[in-house]
Amino acid sequence: NLLELVDLHESTLLDTVRARFFKDEIYTNMGNIVLSLNPFKWGIPWVQEDQMGRYINGEENLRPSPWVVADEAFRDMMETKRNHSILISGESGAGKT
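Conventions used here
Residues numbered from 1 in each chain as written. Predicted model: local features only at pLDDT ≥ 70, side-chain atom pairs only at ≥ 80, totals over all residues. Heavy atoms only, no water. Salt bridge = Lys/Arg side-chain N within 4 Å of Asp/Glu carboxyl O. Buried < 20%, exposed > 50% of the residue type's maximum accessible area, 1.4 Å probe, protein only. Helix = DSSP H or I, 4+ residues; strand = E, 2+ residues; numbered from the N terminus. Expected span 1.5 Å × (residues − 1). Contact = heavy atoms within 4.5 Å. Arc of directions from axis to C-beta. Pairing = 2+ DSSP bridges. Phe/Tyr/Trp six-rings, centres within 6.5 Å; stacked < 30°, edge-to-face > 60°. Lys NZ or Arg CZ within 6 Å of the ring centre and 35° of its normal.

### Overview of the pattern of salt bridges
Alright, step 1. Enumeration according to the criterion identifies five salt bridges in this entry.
Alright, step 2. The partner of Arg20 in a salt bridge is Glu25, with the nearest N and O atoms 3.6 Å apart.
Alright, step 3. Look at Arg20 and you get buried, because its relative accessible area is 18%.
Alright, step 4. A residue is classified by how much of its surface remains accessible, and Glu25, at 14% relative accessible area, is buried.
Alright, step 5. Note that Glu25 and Arg63 form a salt bridge whose closest N and O atoms lie 2.8 Å from each other. With Glu25 in the loop between helix 1 (10-22) and strand 1 (27-30) and Arg63 in the loop between helix 2 (52-56) and helix 3 (66-80), the pair connects residues that are 38 residues apart, well separated along the chain.
Alright, step 6. Within this structure, Arg20, Glu25 and Arg63 form a network of salt bridges that share partners.

Right, here's the structure in full:
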């Protein structure tokens, strides 16, 4: 979680995200926000659809993932009976779909 960095400023944030990207860690938590970088490649094992159940079932010590955000929003929506929204932002062609 980037909010746990001792020195949270632009260069530290960018260095951390860059280092994670080169290890195929394309998702990074910032509090309850998931920062995603498009790796422009398929086949990263932990982001394949067959891994989704691990996140939805709440396994511990998993990598950051938008699946967690979606699952938490869905469960809260069902419990509270209130609408929710999830903002997905990025440039055209950046892989938001």
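### Some thoughts on helix 1
Alright, step 1. When the terminal C-alpha atoms of helix 1 are compared, their 18 Å separation across 13 residues agrees well with the 18 Å that a helix rising 1.5 Å per residue should span.
Alright, step 2. Turning to helix 1, the residues buried within the fold contact strand 1 and strand 2 (33-36).
Alright, step 3. Taken from the residues just after helix 1, Asp24 is the one with a positive phi, measuring 60 degrees.

### Some words on helix 3
Since the α-helix packs 3.6 residues into each turn, any two residues three or four apart lie on the same face.
Alright, step 1. With 15 residues, helix 3 extends 21 Å from end C-alpha to end C-alpha; this agrees with the ideal 21 Å at 1.5 Å per step.
Alright, step 2. Buried within helix 3 we find Trp67, Asp71 and Ala73. Buried residues along helix 3 cover an arc of 165 degrees about the axis, so they all sit on one side. Of the residues in helix 3, the exposed ones pointing more than 90 degrees away from the buried face are Glu72 and Glu79.

### Let's talk about the pairing of strand 1
Alright, step 1. Two strands pair when backbone bridges link them, and strand 1 and strand 2 are joined in this way by four bridges, in the antiparallel orientation. Considered in strand 2, the bridge of Tyr27 is made with Ser36.
Alright, step 2. Here strand 1 folds back onto strand 2, and the loop between the two strands holds two residues, one of which, Gly31, carries a positive phi near 65 degrees.

### Focus: the packing of aromatic side chains
Alright, step 1. In total, this model carries two aromatic pairs according to the counting rule given.
Alright, step 2. Arranged with centres 5.6 Å apart and planes meeting at 70 degrees, the rings of Phe21 and Phe22 form a pair that is edge-to-face.
Alright, step 3. Classification of Phe22 as exposed rests on a relative accessible area of 64%.
Alright, step 4. Between the NZ or CZ atom of Arg63 and the centre of the ring of Trp46, over which it lies, the distance is 3.6 Å.

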